[in-house]
Structures are given as C-alpha cells and as structure tokens.
Amino acid sequence: MKLKTLILAGTALAFTGSSALATDLTLVSWGGAYQSSQKNAYTDPYTAENPGITVIWDESSAEAVAKLRAMNEAGNVTWDLVDVVASDAIRLCDEGLAMEIDADVDLAAAPDGTPASEDFGDLLVSECFIPQIVYSTTFGYRSDIDEWGGKEPTEICDVFDLETFPGKRSLEKRPINNMEWALLCDGVPKEEVYNVLETEEGQDQAFKKLDTIKDNVVWWSAGAETPQLLADKEVVIGSTYNGRLFALIEEQKQPVKMLWDAQVFDLDGWIIPTGLPEDRLAEVKKLVKYATDTQRLADQAKYISYGPARKSSAPLVGQHASLGIDMAPHMPTDPNNAKNTFLYNYEWWADYRDDIDAKFQAWLAQ
Amino acid sequence: MSDTTDGQVLTTQDGKPLKAALRRALRREKLRAFLLIAPLLIFVLVTFVAPIVDMLFRSVENGIVADTLPNTVIELSKWDPASGEVPDEVVFAALYNDMVVAVDQKTHTRLGSRLNYEQSGISSLFRKTGRRIKRMDEDGPFKDQFIGADKKWGDVATWQVLQQFSPRYTDGYFLNAFDAKRGPDGIEMKPDDQQIYMFLFGRTLFLSIVITLSCLLLGYPIAFLLAALPLRTSNLLMILVLLPFWTSLLVRTSAWKVLLQQQGVINDFLVWTRLIDDAGRLVMINNQTGTIIAMTHILLPFMILPLYSVMKTISPSYVRAAKSLGANDWTAFWRVYFPQSVPGIGAGAVLVFILSIGYYITPELVGGTSGIFISNRIAYHISSSLNWGLAASLGTLLLVAVLVLFVVYDKIVGIDNVKLG
C-alpha cells in the first residue's frame, strides 16, 4: 500500500514537474551543415541557459509551406518555429499561416541601441519574416580543365560561352535566377531585367539565350547536387548556394573556385506559425529574440559561410570554428565578392512565378 | 404443393409465413457478417476513401472568391465582360466593403494567390490594395481610389478573371490539366509553348509500359529459374532478389548515378577497354534511359515475386508429359508451361505498371528533363506552387487513366486471370 502510494505520488509529481518545467519546442530547418550551425550558434547556448527548454528539430523546411498548410487545415499545427527562405515566408504570410511580427518589439535591438527594424533594414521583406542570414546563389568552376587552355571564367556570361569554356554546366531546375542571368548575358541592363521579363518577348528572349546551352546543362533540384557533380567532374561549371561551394573548396579541398559575378542574394529566416497557444508563443518569442540578436547571428558565421542579416553583426564575424580560417572573405556580402550582385525581386516573382514556371517546364520538356 | 396452389401460404410451426421467417433469418445472418467487417470498413472509409475524395473534390472547389468578396460577386454578376469597360461605381463600393472585412481577417492575400494562378499579377494587386484600403476615403467615390491604388483595377482583364472564377465550383483546374483555358470565345487550347500536361501524361504511360515490359523480360527467366531449382539453392537466390528490395530507394537510385554518369563506373570501364573513346562517353543518366534502367531495377521484385509464386504451383509433370508425348523443349514450354504462367504475368504486370505510373522520386533524381513523369508535376504543385486544385485535377486524371486501363485489361486478359500465388 505504502509503495503503491509512493509510486502514484511519484508519477503525479513527475507529470506536474515536467509540464511546469520542461517545454519542448519544435524547430523546423533544412538539416545538414546549416541546421547544425543554428544548433551550435543559437539553440545549444539557449538551452544551456534555460534548462527547462528542450529543442526538437524537424528537417522539413523544403516542404514547410505545404506541410504547414496541411497542418493548418487539419487544425493541428505541431511546429513552433519554422526556417524558410524569404519567398516562402511571403507565401506563408499571404496564406495567413505565418504570424505578423513587430520587429522593434519582438526582436532585440543592436548593442548600440539601434532598433531592430533599422538594423535589419531592407531585409525585412515581409511582415512575417525574421531574417537570419544572407546567402547567395552563385557559380563554382573546376580549375583543372585542360581544354580551357589556362583561362578561367571571370564573369557570369562565361557560363554561356561554350567556345572558350566547353563542358557541361549545372543549373537549377526552375526559372528563378536562370532567366535573369540569361537576360543579363543577352545585353539587358541590370535594372531593366524584370521589366523585360514581364513581357512575352522578354521571356522568349531569355529562353532563346538558355537554348544556346540547353544541350550542355544538367538540371539540379537539390543544393547538394552541384558540389557532387563538380567533384565527379560531371560538370565544369555549376550554380548552387555559396555555403555548399565553401564546404567543397575549403573542407573537401576540391580543385574548384568561386565565380562571384552576378551572384543573386537571397534571404533565409524564421517565421512563427499562426495559432500557437499563448504560453508556447511566449516561449517561442523569447527564443527568437535571443537567436536573432547581434552576437548570435555573428556566431553562426563561425560554422557556415553565410552572411548575418544584421548590419551590426558584420564586424563581429570571426574565424571558422574548426578550420581556423577567416570567414569574412568567404561571405557573399564581402566587398570583394559583392562587386557585382543581382537583387532578387520577391514581389515580382510572387506574381509571375506560376506563369513563368509553367512556360519553363514546357520549355524543358521540349 | 397443393396447399400453395390453393392460395394458402406455407407457415412455420409458430404460424409465421415461412418466406418472412427465412428472410428474417437471412437478414440477421447478413447483419452479423456486416458487423464483423464493419470496423475494417469504417477504418478504410475514414483513413483511405474520405481523404482521397476530399482531395479529388478540391479539383472543382472554388468557394474562396465568393467567401472573401461576397458582395462584389453579387454586384459583378450584372456586369457584361464583353462590354470592354470596367464595372461601375456600385461594384467598386461593394469591393471596398468586402476588402475592409477581408483585410481585417487577413484573407485578401490568400484570395490573391488563388487568382494569381489564373493571371499573373493579381497576387501583388491584392497585397498592395490591402495595404492601401485603410487610407481610402470611406465615403467614396471608390472607383478612382482603387485605380489610384493599383492601375490593374482599371484593367478589364482583372475583372474578367474575377467574374469567371466567382462561382463556387470551377472547371478551370481541369481545363488547365488538359492544357486548355477559357478564352473570350469559349474553351481553347493554350499556346504551344505552354502545353505540357497532356504531353507528360503520354510520356508517363509510354515509359511505364516500357518499364513493365523490361521488368517482364528480365524477371521471367529469373522466376523460372527460382521455381525450377531445388529449394536450398532457390532460397539463396530468393534472398538475392529480395536484398535490393530491403535497401533504401534513395541508396539504390544514387548507386545508379555512380554507375551510369559520364564519368561513372560503366563509362570508365568502356573507355578503359577502348570500346569507346574519351570524347564519346555515353549519356545514360539524366534522360529517359536513366529513368528506365533505375526504375526497372527498383520494380523488378514486384514482377519476380508474383511470377515465382504462380510458377511454383505449376506441376513439372505437365512438361514431362508433353515431352513424353513427343514435344521438343520449346513446344513443351510454349504450349504447356507458358499458358499456365500467364496469371503470374498478369499480376506482375498490373503491379509494376500501377506502381510506376505514380512514381516520382526516381524520375526526379535520374530523369533529367526528358525522363520526368506527370507525378513530378503533381508533387511540384502540392509542395511548391501550392496550387492544390490543379494537383488534385491532375491526380484525378491519373486515377481515371489507371481505372480505364484496368477495365481494358479486364476486357482483354480477364481479371480472373490474375493470380498472386
């Protein structure tokens, strides 16, 4: 009898204890090196300071928009904080699936007191979006190709130059970025690209330019493909995210170099799903405020070569945690790399994505 | 007998009519049988049939316009889209009232992304208008204010789309799935450079048939061998057949990449043996060849297993009898053994065909651009473009295509002629 009471009391205590002390937060991210950089820079120090919090990772960011929509329809959202690219954040905000935030209230100010809205600046591209990093989609090329006769690609249009730089290229299996690069290399000035792309003739012009290399392109859909294709010598030039190329060049020591010309900046960050219960929301907001402060964003750059989204974090970027090399020159935002960059137009693509993607897929299938 | 002819009814001992008593007994029996299967039936209905029906229903469902802009839809129904003029102030006033409510509930952007599937630019139109609506003068006139907020409100095409998609049910998704659209003069095909789905359906069917045939070609001899060998050896071979079956799909697909790519194992070997020169390396992946090879390998066990289980039941004495009656090896096989193995071929072929028609991971990874299936587009619309209506209508078409093929198969081969063992 005594024993039974003791067990019962113990169980009851354990239950109340766990609900009062421990909170499980489910964070959704991309897996791989990126997720572990977030774990090292944000959540490990946070859970060390807040022993009641447990972080559970879900590697679903690639399908986050669809899954969140399905969860919302089923009335059972099980995620607390979701990492998505900016264009997905805009969609989620449009669909009413992400919560609007007030940057100056919900996010920490810079150490010198600059309010968050100013510190993040233009990168707050949607009312729901909390930026973390700036990454870029850019090219890497092999530096050991004999047929090139010692020449190396120096500008974006060399990707379209099959005579000087023969060999296969890898490009992403979607119109975004490819259409812009094609127009840039067909003589359209940078500031005119989206105006031209808005017209039927402009789209045809871009497809015509892409036609010139179509037979020499391997199309990728996962970010890991281009590094693999470059390492296998399957392609000689390929586009992918700059962090992937950093890992290929610096960690795996492959004979590959970066072609930063006309790199396209993009953003990745958090959104908070709508409809979280009050107490969870409070916990999530606390975590977000901590994870996006100046020091945490700068810390993340120790683990991966993506630029912090805050202006105030840039001077704090140090050395890689295990390689011991300076990270600043590997950031897409470094002045040497960002001599010629292309700005991705979120609003424009939100409008034209469905239409142009249908045309792009039809063009691919021909 | 004579009783009934006299008009008298047969009764049971306690005086009830025999027919009714029998019927009741039978009904009780049926009810009991039904109750026994009821849990399973309910389970299947709830977890399988209902979600599919719900998904299929999305292909015609279009309540979002009428729910978000109820007053505008009513006023707009009086407008003549052929007039070439933008609707009048009444419609704009209704739009203002609806938008105020929609912005408050944050549903206007959702409507914008829905209508953006039909015409590019509507997504930002609603987002922009939503931001401006609070600053509008609530006493009107609204027409100029809306056009001032975004000049697309002054464009007849915007209103045509809005009116066309006002009804609660739409055939728009299905038209889209057929590469068609509703133009000013009724239904018309899309321009050539935008037609893709019918082409992809055709390719999916064609490649699935090729994959089924190559599975049959490769699987039949193996199953024959397995069935003919003594149990000890055949068990070992069986494990070899099942081993890839237990390996992750992604691992097997990646292995094919390593083997087939231009700097891969097979090409390296061919260059080494001087069968081809370095410049003439074969392209075997990121095209249809890659899809056919990888999918044949992945689906092969689904052909071998039903074939094997049918062949196992064919008694060797039939072939022996045929031979003792003077048939040579080929005649004995073709006239006696093969016809008995047809039910296994039927089962294997149906299984492989239906599995391959809905495959998308392998084509996505090794298919490049010429080896992708319609299911890749369905996956894209589900997870990336969020156009679930279009995905649902493509899925419905795929389902109907499979059912039609199944009926044709039943007519030609006969569904009774399918055996899994």
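Residues numbered from 1 in each chain as written. Chains lettered and ligands numbered in written order. Predicted model: local features only at pLDDT ≥ 70, side-chain atom pairs only at ≥ 80, totals over all residues. Heavy atoms only, no water.

**Overview of the domain arrangement of chain A**
Residue and element names in this part refer to chain A.
Right, so step 1: Parsing chain A into structural domains produces domain 1 (2-134 + 267-330) and domain 2 (137-266 + 338-365).
Right, so step 2: Averaged C-alpha coordinates put domain 1 and domain 2 at centres separated by 31 Å.
Right, so step 3: The interface of domain 1 with domain 2 comprises 16 residues on the first partner and 13 residues on the second.
Right, so step 4: Carbon and sulfur atoms make up 57% of the surface buried where domain 1 meets domain 2, a total of about 1300 Å² over both sides.
Right, so step 5: The largest share of the area that domain 1 buries against domain 2 comes from Arg91, Tyr306 and His330, three residues that together contribute 31% of it.
Right, so step 6: Inspection of the domain 1/domain 2 interface yields 3 residue pairs in polar contact (both at pLDDT 80 or more).
Right, so step 7: Elements with a contribution of two residues or more to the side of domain 1 that touches domain 2: helix 4 (86-94), strand 4 (130-142) and strand 8 (256-271).
Right, so step 8: Top element by residues in the side of domain 1 that touches domain 2 is helix 4. It accounts for 4 residues.
Right, so step 9: Grouping the amino acids of the side of domain 1 that touches domain 2 by side-chain chemistry returns 10 nonpolar, 4 polar and 2 charged. (Domains from an automatic or database assignment. Contact = heavy atoms within 4.5 Å. Buried area = accessible area lost by both parts, 1.4 Å probe. Polar contact = N/O pair within 3.5 Å; in protein donor to acceptor, adjacent residues only side chain to side chain. Helix = DSSP H or I, 4+ residues; strand = E, 2+ residues; numbered from the N terminus. Nonpolar A, V, L, I, M, F, W, Y, C, P; charged D, E, K, R; others polar.)

**Describing empty space enclosed by the protein**
Over the atoms, a rolling probe the size of a water molecule traces out where space has been left empty.
Right, so step 1: Under the defined criterion, the tally for this structure stands at 5 cavities of 30 Å³ or more.
Right, so step 2: Approximately 200 Å³ is the volume attributed to the largest cavity.
Right, so step 3: Taken together, 19 residues form the lining of the largest cavity, with Arg91, Asp94 and Ala350 of chain A together with Ser113 and Ser123 of chain B sitting closest to its centre.
Right, so step 4: Where the lining of the largest cavity is concerned, the elements lending two or more residues are helix 4 and helix 14 (346-365) of chain A together with helix 6 (108-116) and helix 7 (122-132) of chain B.
Right, so step 5: Partitioned by chemical class, the residues of the lining of the largest cavity number 8 nonpolar, 5 polar and 6 charged. (1 Å grid on protein atoms, 1.4 Å probe; cavity = no way out; pocket = protein on both sides within 12 Å on 5 of 7 lines; lining within 4 Å. Points joined across faces, edges and corners; volume = space filled by probe spheres on them.)

**As for the packing of helix 13 (residues 249-260) of chain B against helix 14 (residues 265-272) of chain B**
Residue and element names in this part refer to chain B.
Right, so step 1: Viewed as axis vectors pointing N to C, helix 13 and helix 14 meet at an angle of 20°, and their least axial separation amounts to 4 Å. Here helix 13 is positioned roughly parallel relative to helix 14, judged by the angle of their axes. Taking contact as the criterion, the partners of Val258, Leu259 and Leu260 in helix 13 are, on helix 14, Val265, Ile266 and Asn267.
Right, so step 2: Taken together, the residues of the contact of helix 13 with helix 14 break down into 5 nonpolar, 1 polar and no charged. (Axes fitted to C-alpha atoms, helices over the stretch in contact; angles between N-to-C directions. Parallel < 35°, antiparallel > 145°, perpendicular 65-115°, else oblique.)

**Description of the packing of helix 11 (residues 197-228) of chain B against helix 15 (residues 288-312) of chain B**
Residues and elements named next belong to chain B.
Right, so step 1: Relative to each other, helix 11 and helix 15 sit at 45°, their axes nearing to 6 Å. The angle between the axes of helix 11 and helix 15 places the two elements in the oblique class. Considering how the two elements wind past one another, helix 11 and helix 15 form a crossing that is right-handed.
Right, so step 2: Within the contact of helix 11 with helix 15, the residues separate by chemical class into 22 nonpolar, 5 polar and 2 charged. (Left-handed = near helix turned anticlockwise from the far one by under 90°.)

**What about the interface of chain B and chain A?**
Right, so step 1: With 38 residues of chain B in contact, the opposing surface of chain A contributes 37 residues.
Right, so step 2: On the surface where chain B and chain A come into contact, there are 6 salt bridges.
Right, so step 3: For the salt bridge of Arg127 of chain B with Glu347 of chain A, the shortest nitrogen-to-oxygen distance reads 2.9 Å.
Right, so step 4: In this structure, the connection of chain B to chain A is made through 22 residue pairs in polar contact (both at pLDDT 80 or more).
Right, so step 5: Secondary-structure elements contributing two or more residues to the side of chain B that touches chain A are helix 6, helix 7, helix 11 and helix 19 (374-383) of chain B.
Right, so step 6: If you tally residues by element for the side of chain B that touches chain A, the top one is helix 7 of chain B, at 5 residues. (Salt bridge = Lys/Arg side-chain N within 4 Å of Asp/Glu carboxyl O.)

**Focus: the pairing of strand 2 (residues 53-58) of chain A**
Two faces make up the sheet, and in a regular strand the side chains alternate between them.
All names here are of chain A.
Right, so step 1: Of the two faces of strand 2, the one lined by Ile53, Val55 and Trp57 is fully buried and the one lined by Thr54, Ile56 and Asp58 carries no buried residue.
Right, so step 2: Relative to strand 2, strand 1 (residues 23-28) is paired through 6 bridges, and the arrangement is parallel. Its bridge partner lying in strand 2, Asp24 is registered against Thr54.
Right, so step 3: What joins strand 1 to strand 2 is helix 2 (residues 32-49), and the crossover it makes is right-handed. (Buried < 20%, exposed > 50% of the residue type's maximum accessible area, 1.4 Å probe, protein only. Pairing = 2+ DSSP bridges. Right-handed = clockwise from strand over helix to strand, strands pointing away.)

**Examining a positive patch on the surface**
Residues and elements named next belong to chain B.
Right, so step 1: The grouping of Lys19, Arg23, Arg24, Arg27 and Arg28 at the surface amounts to a positive patch.
Right, so step 2: Its location among the elements puts Arg27 in helix 2 (residues 18-57).
Right, so step 3: Using a relative accessible area of 55% as the deciding quantity, one classes Arg27 as exposed. (Patch = residues over 30% accessible without salt bridge, like charges linked within 9 Å, V, L, I, M, F, W, Y side chains within 5 Å. Areas by Shrake-Rupley, 256 points an atom, 1.4 Å probe, with all protein chains shown as cover. Lys, Arg positive; Asp, Glu negative; His and termini not counted. Charge placed at Lys NZ, Arg CZ, Asp CG, Glu CD.)

**Some remarks on the layout of surface pockets**
Right, so step 1: Computed from the structure, the second largest pocket encloses a volume of approximately 1300 Å³.
Right, so step 2: Only helix 9 (200-211) and helix 14 of chain A together with helix 9 (156-164), helix 10 (172-177), strand 1 (180-183) and helix 19 of chain B provide two or more residues apiece to the lining of the second largest pocket.
Right, so step 3: Classifying every residue of the lining of the second largest pocket gives 16 nonpolar, 17 polar and 14 charged.

**Concerning the pattern of salt bridges**
Residue and element names in this part refer to chain A.
Right, so step 1: Evaluated as defined, the whole model comprises 30 salt bridges over all chains.
Right, so step 2: The closest approach of N and O atoms between Asp119 and Arg310, which form a salt bridge, is 2.8 Å. Here the residue Asp119 occupies a position in helix 6 (residues 116-120), and Arg310 occupies one in the loop between strand 9 (307-308) and strand 10 (341-343), the gap between them amounting to 191 residues.

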